[in-house]
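One letter stands for each residue in the lines below.
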Amino acid sequence: MSGFWNTSDGENTVENATGEYDAGGGNFDPIPDDTNCLMVIDGAEKAKDQSFNEYAQITWLVVKPDQFAGRKIWQKLWVFDPDPRAKDKDKKRDNALRMLANIDAICGGKLAKAGREPDSDDLALALTGKQAVCKAKVWEMDGKEGNWIAAVAPKGGKMEVAANGA
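Keep in mind the model is a prediction, meaning the values are calculated, not measured.

Draft legend 1. Expanded view of the overall build of the chain. Scanning the chain from terminus to terminus reveals 3 helices and 5 strands. Reading the secondary structure of the chain in the N-to-C direction produces β-β-β-α-α-α-β-β. Relative to the 2.2 N^0.38 estimate, which gives 15 Å for 166 residues, the radius of gyration of the chain is 19 Å and therefore markedly larger than a compact globule would have. Projecting the C-alpha coordinates of the chain onto the three principal axes gives extents of approximately 55 × 40 × 35 Å. Counting every position in the chain, which comprises 166 residues, the buried fraction comes to 35%. In the chain, the proportion of contacts linking residues at least 24 apart, taken out of those at least 6 apart, comes to 54%. For the chain, the computed accessible surface area is about 10800 Å², with 49% contributed by carbon and sulfur atoms. On the chain, the mean spot of the 22 positive side-chain charges and the mean spot of the 27 negative ones are 9 Å from each other.

Right, dumping it as structure tokens:
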């Protein structure tokens, strides 16, 4: 058998496999409501929902405050197709366009300068790796909760990063 199945300390995972494994880690409570975090864009692309409606998806990675570092928040911006769940689809798209335009401005404005609808490559090249201060809010739906991005600002701007959470 190849060494592929051996761990860094030499354990043969195939020989020790019982069919049960718990990787640990558990569930995370959401970042507290209204917490300003320094974040970096870990990815940006055009994505589709189950009905093939397109939106911009931005993956934010928390840098600070330290107790939330490494956490991710996925942001859906309905700038391409209307959000099928929105009551006021025009207002939702208008707000999403404003958010994307401001994220782009923080990241250097490459999307706006192109003057056309961005594709996945455009979003990734223009936004990935750039930092911003983001306000994390908490959403609740069907007994579940998580975070969403309510506001963005340039690093060193008006929004200050929380020293130790909300």
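Having put the structure on the table, let's press on.
Draft legend 2. Just the packing of aromatic side chains, in detail. Here the structure, examined in full by the defined rule, presents 2 aromatic pairs. Each ring, one from Phe4 and one from Trp5, has its centre 4.9 Å from the other, and the planes form 85 degrees; the classification is edge-to-face. Overall, the relative accessible area of 62% leaves Phe4 in the exposed class. Trp5 sits in the partly exposed class, given a relative accessible area of 43%. Consider the rings of Tyr55 and Trp78, whose centres lie 4.8 Å apart with planes at 45 degrees: the pair is tilted. Here Trp78 lies in the loop between strand E3 (72-77) and helix H1 (89-106) and Tyr55 lies in strand E2 (residues 54-64), a separation of 23 residues in the sequence. The exposure classification of Tyr55 matches that of Trp78, with both residues buried. When the ring centre of Phe80 is taken as origin, the NZ or CZ atom of Lys46, which lies over that ring, is 4.3 Å away.

Draft legend 3. Fine view of the pattern of salt bridges. With the rule as written, the count across this model stands at 9 salt bridges. Here Glu54 and Lys46 are joined by a salt bridge, their closest N and O atoms 3.8 Å apart. Lys46 is the partner of Glu117 in a salt bridge, and the nearest nitrogen-oxygen pair spans 2.8 Å. Linking Glu117 in the loop between helix H2 (110-114) and helix H3 (120-127) with Lys46 in strand E1 (residues 35-48), this pair joins segments that are 71 residues apart in sequence. One connected set of salt bridges, linked through shared partners, spans Asp33, Asp34 and Lys137.

Draft legend 4. The arrangement of the side chain of Gln75 in detail. When you line up the elements, Gln75 lands in strand E3. We classify Gln75 as buried; its relative accessible area is 5%. Looking at Gln75, its side chain comes within polar contact range of the side chain of Trp60, at 2.8 Å. Apart from the residues lying within four places of it in its own chain, the contact partners of Gln75 are Ala56, Gln57, Ile58, Trp60, Met99, Ile103 and Ile149.

What counts as what
- Residues numbered from 1 in each chain as written.
- Predicted model: local features only at pLDDT ≥ 70, side-chain atom pairs only at ≥ 80, totals over all residues.
- Heavy atoms only, no water.
- Helix = DSSP H or I, 4+ residues; strand = E, 2+ residues; numbered from the N terminus.
- Rg over C-alpha atoms; globule rule 2.2 N^0.38 Å.
- Buried < 20%, exposed > 50% of the residue type's maximum accessible area, 1.4 Å probe, protein only.
- Contact = heavy atoms within 4.5 Å.
- Areas by Shrake-Rupley, 256 points an atom, 1.4 Å probe, with all protein chains shown as cover.
- Lys, Arg positive; Asp, Glu negative; His and termini not counted.
- Charge placed at Lys NZ, Arg CZ, Asp CG, Glu CD.
- Phe/Tyr/Trp six-rings, centres within 6.5 Å; stacked < 30°, edge-to-face > 60°.
- Lys NZ or Arg CZ within 6 Å of the ring centre and 35° of its normal.
- Salt bridge = Lys/Arg side-chain N within 4 Å of Asp/Glu carboxyl O.
- Polar contact = N/O pair within 3.5 Å; in protein donor to acceptor, adjacent residues only side chain to side chain.

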